[in-house]
Amino acid sequence: MFILRDDDDKLAIYGGDSAEPSYNWIFAAHPAKNDKDGSVPWKASNKLWGSGVQDERNSLILGTIINVKKTIYDPCPYGYHMPPQDAWTNFTTVTTAYITNIVTEYNVIAEDKYNQTTDGTGFVDENFKVWGRRFFTTGNTAIADASNVAFYPAMGYRFGDDGRVHSVGRGCYAWSASPYSAKSSKGGFLGTGADWVHPVSATFRSDAFPVRCVRD
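Bear in mind the structure is a predicted one, so any value in this text is a computation, not a measurement.

**A word on the pattern of salt bridges**
A full pass over the atoms with the stated rule returns nine salt bridges. Note that Asp-161 is salt-bridged to Arg-5, the shortest N-O span being 4.0 Å. Taken as a pair, Asp-161 in the loop between strand S4 (157-158) and strand S5 (165-166) and Arg-5 in the segment before helix H1 (40-46) lie far apart in primary sequence, 156 residues in all. The salt bridge involving Glu-56 is made with Lys-43; its shortest N-O contact spans 3.4 Å.

**Some details on the pairing of strand S8 (residues 196-203)**
The element S8 is largely enclosed, with a buried count of six among its eight residues. Pairing of strand S7 (residues 187-193) with S8 involves six bridges; the strand directions are antiparallel. Across the sheet, Thr-192 pairs through a bridge with Val-197, a residue of S8. Connecting the antiparallel pair S7 and S8 is a turn made up of two residues.

**Quick notes on the sheet that holds S8**
Pairing is antiparallel across the open sheet formed by three strands, whose spatial order is S6-S7-S8. Either end of the sheet is taken by a strand with one partner, and the two such strands are strand S6 (171-179) and S8. Direction aside, the axes of adjacent strands within the sheet are offset by 20° on average.

**As for the packing of aromatic side chains**
What the rule picks out here adds up to 17 aromatic pairs. Summarising the aromatic geometry, the rings of Phe-189 and Phe-209 are spaced 4.9 Å apart at their centres and angled 50° between planes, so their arrangement reads as tilted. With Phe-189 in strand S7 and Phe-209 in the loop between S8 and strand S9 (214-215), the pair connects residues that are 20 residues apart, well separated along the chain. As far as the burial class goes, Phe-189 and Phe-209 line up, both buried.

Calculation rules
- Residues numbered from 1 in each chain as written.
- Predicted model: local features only at pLDDT ≥ 70, side-chain atom pairs only at ≥ 80, totals over all residues.
- Heavy atoms only, no water.
- Salt bridge = Lys/Arg side-chain N within 4 Å of Asp/Glu carboxyl O.
- Helix = DSSP H or I, 4+ residues; strand = E, 2+ residues; numbered from the N terminus.
- Buried < 20%, exposed > 50% of the residue type's maximum accessible area, 1.4 Å probe, protein only.
- Pairing = 2+ DSSP bridges.
- Axes fitted to C-alpha atoms, helices over the stretch in contact; angles between N-to-C directions.
- Phe/Tyr/Trp six-rings, centres within 6.5 Å; stacked < 30°, edge-to-face > 60°.

Any functional reading would require information beyond the geometric quantities listed.
In C-alpha coordinates:
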(Lines give C-alpha, C1' and ligand atoms only; values in the text may rest on other atoms or scores of the structure.)
Protein backbone atom coordinates (compact mmCIF):
# COMPACT_ATOMS: atom_id res chain seq x y z
CA MET A 1 0.00 0.00 0.00
CA PHE A 2 1.23 3.50 -0.88
CA ILE A 3 -0.63 6.56 0.43
CA LEU A 4 -0.38 9.79 -1.55
CA ARG A 5 0.30 13.00 0.32
CA ASP A 6 -2.41 15.63 0.76
CA ASP A 7 -1.12 19.10 -0.12
CA ASP A 8 -4.24 20.75 1.31
CA ASP A 9 -2.43 20.75 4.64
CA LYS A 10 -0.90 24.07 3.55
CA LEU A 11 -4.11 25.80 4.63
CA ALA A 12 -4.01 27.98 7.73
CA ILE A 13 -6.65 25.88 9.48
CA TYR A 14 -4.08 23.03 9.51
CA GLY A 15 -1.23 25.21 10.71
CA GLY A 16 0.13 25.96 7.26
CA ASP A 17 1.07 29.27 5.67
CA SER A 18 -1.42 28.86 2.78
CA ALA A 19 1.49 28.52 0.35
CA GLU A 20 3.73 25.58 1.30
CA PRO A 21 2.44 22.06 2.05
CA SER A 22 4.28 19.90 4.55
CA TYR A 23 5.11 17.30 1.85
CA ASN A 24 5.08 14.81 4.70
CA TRP A 25 3.76 11.28 5.16
CA ILE A 26 1.90 12.68 8.21
CA PHE A 27 -0.77 15.28 7.49
CA ALA A 28 -0.01 18.89 8.60
CA ALA A 29 3.55 18.09 9.73
CA HIS A 30 4.88 21.65 9.53
CA PRO A 31 8.43 22.39 10.78
CA ALA A 32 9.64 25.11 13.13
CA LYS A 33 9.34 28.51 11.50
CA ASN A 34 9.68 32.17 12.50
CA ASP A 35 10.72 31.27 16.06
CA LYS A 36 7.70 29.04 16.49
CA ASP A 37 7.85 25.40 17.46
CA GLY A 38 7.08 22.81 14.83
CA SER A 39 3.71 21.08 14.82
CA VAL A 40 3.00 17.94 16.84
CA PRO A 41 2.77 15.84 13.62
CA TRP A 42 6.16 17.20 12.50
CA LYS A 43 7.80 16.28 15.81
CA ALA A 44 6.28 12.80 15.61
CA SER A 45 7.56 12.42 12.05
CA ASN A 46 11.09 13.36 13.15
CA LYS A 47 11.14 10.55 15.69
CA LEU A 48 9.25 7.92 13.72
CA TRP A 49 12.38 5.90 12.93
CA GLY A 50 14.25 6.56 16.19
CA SER A 51 16.25 9.71 15.40
CA GLY A 52 15.29 13.39 15.66
CA VAL A 53 16.82 16.86 15.89
CA GLN A 54 18.94 17.87 18.87
CA ASP A 55 17.20 21.27 19.07
CA GLU A 56 13.63 21.37 17.71
CA ARG A 57 13.93 25.04 16.74
CA ASN A 58 17.52 25.58 15.73
CA SER A 59 19.33 22.37 14.69
CA LEU A 60 21.14 22.69 11.38
CA ILE A 61 22.22 19.98 8.95
CA LEU A 62 23.83 17.07 10.88
CA GLY A 63 22.43 18.48 14.13
CA THR A 64 20.44 15.29 14.47
CA ILE A 65 20.42 12.40 16.91
CA ILE A 66 22.93 9.80 15.69
CA ASN A 67 22.28 7.20 18.40
CA VAL A 68 19.26 5.81 16.58
CA LYS A 69 16.88 3.74 18.70
CA LYS A 70 14.79 1.21 16.82
CA THR A 71 11.05 1.88 16.92
CA ILE A 72 8.03 -0.21 16.00
CA TYR A 73 7.78 1.84 12.80
CA ASP A 74 11.32 1.06 11.67
CA PRO A 75 11.13 -0.90 8.36
CA CYS A 76 14.33 -2.86 9.09
CA PRO A 77 14.31 -6.48 10.29
CA TYR A 78 15.13 -7.56 13.84
CA GLY A 79 18.73 -6.78 14.78
CA TYR A 80 18.94 -3.84 12.38
CA HIS A 81 17.74 -0.25 12.33
CA MET A 82 17.62 2.77 10.04
CA PRO A 83 20.92 4.66 9.63
CA PRO A 84 21.64 8.13 11.06
CA GLN A 85 21.99 11.19 8.85
CA ASP A 86 25.80 11.05 8.80
CA ALA A 87 26.00 7.41 7.64
CA TRP A 88 27.31 8.29 4.19
CA THR A 89 29.78 11.13 4.87
CA ASN A 90 32.65 8.86 3.78
CA PHE A 91 31.13 8.67 0.30
CA THR A 92 33.04 11.79 -0.73
CA THR A 93 36.78 12.35 -0.32
CA VAL A 94 36.24 15.83 1.11
CA THR A 95 34.62 15.63 4.55
CA THR A 96 32.37 18.65 4.00
CA ALA A 97 31.49 17.85 0.37
CA TYR A 98 27.86 17.06 1.18
CA ILE A 99 26.85 17.95 -2.36
CA THR A 100 29.36 17.51 -5.18
CA ASN A 101 29.55 16.85 -8.90
CA ILE A 102 33.35 16.71 -8.96
CA VAL A 103 34.44 13.21 -9.96
CA THR A 104 37.68 13.32 -7.96
CA GLU A 105 35.61 13.90 -4.81
CA TYR A 106 33.59 10.66 -5.26
CA ASN A 107 34.90 8.06 -2.81
CA VAL A 108 34.17 5.16 -5.13
CA ILE A 109 36.14 2.43 -6.86
CA ALA A 110 38.10 3.64 -9.87
CA GLU A 111 35.63 2.25 -12.43
CA ASP A 112 32.84 4.37 -10.95
CA LYS A 113 34.65 7.72 -11.11
CA TYR A 114 32.64 8.91 -14.06
CA ASN A 115 29.98 11.53 -14.80
CA GLN A 116 27.25 11.08 -17.39
CA THR A 117 25.69 14.46 -18.14
CA THR A 118 23.28 13.60 -20.97
CA ASP A 119 19.68 14.04 -19.78
CA GLY A 120 17.85 10.75 -19.37
CA THR A 121 20.86 8.49 -19.99
CA GLY A 122 21.88 7.87 -16.40
CA PHE A 123 23.62 4.66 -15.42
CA VAL A 124 22.75 2.81 -18.64
CA ASP A 125 25.74 4.56 -20.19
CA GLU A 126 28.22 1.80 -21.14
CA ASN A 127 30.98 3.64 -19.28
CA PHE A 128 29.33 2.56 -16.03
CA LYS A 129 30.30 -1.03 -15.27
CA VAL A 130 27.38 -1.43 -12.88
CA TRP A 131 23.92 0.12 -12.68
CA GLY A 132 24.80 2.49 -9.82
CA ARG A 133 27.89 3.34 -7.77
CA ARG A 134 30.21 1.38 -5.46
CA PHE A 135 31.29 3.46 -2.47
CA PHE A 136 33.94 2.96 0.19
CA THR A 137 32.23 2.83 3.58
CA THR A 138 35.59 3.28 5.32
CA GLY A 139 38.91 4.46 3.96
CA ASN A 140 39.44 5.19 0.28
CA THR A 141 40.67 1.85 -1.06
CA ALA A 142 39.17 -1.62 -1.01
CA ILE A 143 40.44 -3.99 1.66
CA ALA A 144 41.29 -7.60 0.78
CA ASP A 145 37.76 -9.00 1.04
CA ALA A 146 36.13 -5.79 -0.30
CA SER A 147 33.87 -5.67 2.77
CA ASN A 148 34.24 -1.88 2.87
CA VAL A 149 32.70 -1.52 -0.61
CA ALA A 150 28.95 -0.92 -0.76
CA PHE A 151 26.97 -1.04 -4.00
CA TYR A 152 24.03 1.34 -4.32
CA PRO A 153 21.89 0.42 -7.34
CA ALA A 154 19.98 2.97 -9.39
CA MET A 155 16.57 1.79 -8.19
CA GLY A 156 14.78 5.14 -8.36
CA TYR A 157 11.91 6.01 -6.02
CA ARG A 158 8.14 6.41 -5.77
CA PHE A 159 6.86 10.00 -5.94
CA GLY A 160 4.54 11.03 -3.10
CA ASP A 161 2.40 13.31 -5.25
CA ASP A 162 1.13 10.80 -7.80
CA GLY A 163 2.56 7.43 -6.70
CA ARG A 164 4.55 6.93 -9.88
CA VAL A 165 8.04 5.41 -9.95
CA HIS A 166 10.74 7.88 -11.00
CA SER A 167 14.46 7.87 -11.85
CA VAL A 168 14.91 4.12 -12.34
CA GLY A 169 18.39 3.77 -13.85
CA ARG A 170 19.19 7.37 -12.97
CA GLY A 171 19.22 7.70 -9.19
CA CYS A 172 20.62 5.72 -6.23
CA TYR A 173 18.89 6.64 -2.98
CA ALA A 174 18.50 5.59 0.66
CA TRP A 175 16.51 7.00 3.56
CA SER A 176 18.12 7.89 6.87
CA ALA A 177 16.28 7.79 10.19
CA SER A 178 16.82 11.53 10.60
CA PRO A 179 15.10 14.76 9.65
CA TYR A 180 17.23 17.14 7.58
CA SER A 181 17.21 20.08 10.01
CA ALA A 182 14.92 21.86 12.47
CA LYS A 183 13.58 24.33 9.94
CA SER A 184 13.09 21.92 7.04
CA SER A 185 10.06 19.74 6.40
CA LYS A 186 12.31 17.28 4.56
CA GLY A 187 13.96 14.06 5.66
CA GLY A 188 17.67 13.30 5.45
CA PHE A 189 18.78 10.81 2.80
CA LEU A 190 21.56 9.72 0.47
CA GLY A 191 21.15 10.67 -3.15
CA THR A 192 23.51 10.00 -6.02
CA GLY A 193 22.98 10.30 -9.74
CA ALA A 194 25.01 9.79 -12.86
CA ASP A 195 26.76 13.14 -12.41
CA TRP A 196 26.53 13.97 -8.70
CA VAL A 197 26.87 12.56 -5.18
CA HIS A 198 24.88 13.99 -2.25
CA PRO A 199 25.77 12.04 0.92
CA VAL A 200 23.88 14.45 3.19
CA SER A 201 20.85 15.47 1.21
CA ALA A 202 17.15 16.12 1.80
CA THR A 203 13.88 15.28 0.14
CA PHE A 204 10.15 15.23 0.76
CA ARG A 205 9.14 12.61 3.31
CA SER A 206 6.06 11.66 1.33
CA ASP A 207 8.32 10.02 -1.27
CA ALA A 208 9.23 6.33 -0.99
CA PHE A 209 12.95 5.56 -1.17
CA PRO A 210 14.96 2.36 -0.62
CA VAL A 211 16.34 1.68 2.86
CA ARG A 212 19.79 0.38 3.78
CA CYS A 213 19.62 -1.00 7.30
CA VAL A 214 22.54 -0.97 9.76
CA ARG A 215 23.25 -3.56 12.46
CA ASP A 216 22.17 -2.74 16.02
